[in-house]
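Structural characterization, general
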Amino acid sequence: MEQERHNEIDRLRVSDREREEVVALLGQAVSEGRLTLAEYEERVGTAHASLTRGELATVTVDLPNAPGRPSAEVVSPPQEQLKAIFGSEVRKGAWAAPEHIEARAVFGDCRIELHEIPNLRPVTRIDAEAIFGSVVVVVPEGTEVRLTGSAVFGDKKSKMRGPYVAGAPVVEVRCRVIFGEVTVRPPRQRWW
């Protein structure tokens, strides 16, 4: 029974985030002298080419303090960080949003789209910082939005139109704005 469960986990497809976590572990192993640069390059290539958890697990299986397999218990990370410094960062689609998101835009733009997530968590907390930049949070209609924080030479606003639906998810946005903007809005209506 345990072997069947392991085989099922090994066949699960991996995310870019899981690949990058493994690459970070490999980088640490090189800095500790556990891997040569040639081994590191080969394993990083294998990690980036891995499609399943079983394939990805092969690159760290012989390293101490590194999991033999990426955790199957955690479906989404406990926290996500978006950083847009002189650029842009976007999370959209049916992604696994965590309970806590940190978004930081410095001379850049962050956009967090929660409206396409099938099962939005009961409470999602977003710490949004916009310094000469903007953070936009798109939430489904009927979502309860709690917008708090400060804006100095900037703007924080909610463009939600109607009342929230009882029992709907809550999105708490705590912001710090300096010469920037944090906006919470519903999805745009398409006319085609």
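Everything below is about the structure printed above this text.
Below is a short write-up of the structure. The model shown is predicted, which means the values in this text are computed figures rather than measured ones. (Residues numbered from 1 in each chain as written. Predicted model: local features only at pLDDT ≥ 70, side-chain atom pairs only at ≥ 80, totals over all residues. Heavy atoms only, no water.)

As a further point, take the environment of K156. Positionally, K156 belongs in strand β8 (residues 155-158). For the pair K156 and T183, spaced 27 residues apart in sequence, the C-alpha to C-alpha distance is 5.8 Å. Those residues within four positions of K156 in sequence are excluded, and the remaining contacts are L147, T148, G149, S150, A151, C175 and V182. One polar contact links the side chain of K156 to the main-chain carbonyl oxygen of G149, over a distance of 3.4 Å. (Helix = DSSP H or I, 4+ residues; strand = E, 2+ residues; numbered from the N terminus. Contact = heavy atoms within 4.5 Å. Polar contact = N/O pair within 3.5 Å; in protein donor to acceptor, adjacent residues only side chain to side chain.)

All right, on to the sheet that holds strand β7 (residues 144-152) then. Pairing is parallel across the open sheet formed by 5 strands, whose spatial order is β1-β3-β5-β9-β7. Every interior strand has two partners, whereas the edge strands, β1 (79-85) and β7, have only one. Taken over all neighbouring pairs, the strand axes of this sheet differ in orientation by 10° on average, direction set aside. Pairing between β7 and strand β9 (residues 170-178): 9 bridges, direction parallel. Residue pairing for β9: S150 is matched across the bridge by R176. (Pairing = 2+ DSSP bridges. Axes fitted to C-alpha atoms, helices over the stretch in contact; angles between N-to-C directions.)

Right, let's talk about the packing of aromatic side chains for a bit. Scanning the model with the defined rule gives 4 aromatic pairs in all. Considering the side-chain rings of F86 and F107, the 5.0 Å spacing of their centres and the 5° angle between planes classify their relative orientation as stacked. Placement of F86 in the loop between β1 and β2 (88-91) and of F107 in the loop between β3 (100-106) and β4 (109-113) is noted, with a sequence separation of 21 residues between them. The exposure class assigned to F86 is exposed, which follows from its relative accessible area of 66%. The exposure class of F107 is partly exposed, given its relative accessible area of 43%. Look at F132 and F179: their rings are 4.9 Å apart centre to centre, the planes differ by 5°, and that puts the pair in the stacked class. Of this pair, F132 sits in the loop between β5 (123-131) and β6 (134-138) while F179 sits in the loop between β9 and β10 (181-185); the two residues are 47 residues apart in sequence, bridging distant segments of the chain. A connected cluster of aromatic rings, assembled from ring pairs, spans F86, F107, F132, F153 and F179. (Phe/Tyr/Trp six-rings, centres within 6.5 Å; stacked < 30°, edge-to-face > 60°. Buried < 20%, exposed > 50% of the residue type's maximum accessible area, 1.4 Å probe, protein only.)

Take the sheet that holds β6 next. Spatially, 5 strands are ordered β2-β4-β6-β10-β8 in an open sheet, and the strand pairing comes out parallel. Where the open sheet ends on each side, the last strands, each with one partner, are β2 and β8. Geometrically, the sheet is characterised by an average inter-axis angle of 5° between neighbouring strands, direction not taken into account.

Further remarks concern the pattern of salt bridges. Inspection of the entire model under this criterion finds 18 salt bridges. A salt bridge links E21 to R17; the nearest nitrogen and oxygen atoms lie 3.8 Å apart. Taken as a pair, E21 and R17 lie in helix α2 (residues 16-31) at a separation of 4 residues, close to a single helical turn. You can call E21 partly exposed: its relative accessible area is 45%. Since its relative accessible area comes to 36%, R17 is described here as partly exposed. Residue R146 pairs with E172 through a salt bridge whose shortest N-O separation is 3.3 Å. Of this pair, R146 sits in strand β7 while E172 is found in strand β9, placing the two residues 26 residues apart along the sequence. We classify R146 as partly exposed; its relative accessible area is 38%. Residue classification places E172 among the buried residues on the basis of a relative accessible area of 17%. Residues joined by salt bridges that share partners form a network here, namely R17, E21, E80, E89 and R91. (Salt bridge = Lys/Arg side-chain N within 4 Å of Asp/Glu carboxyl O.)

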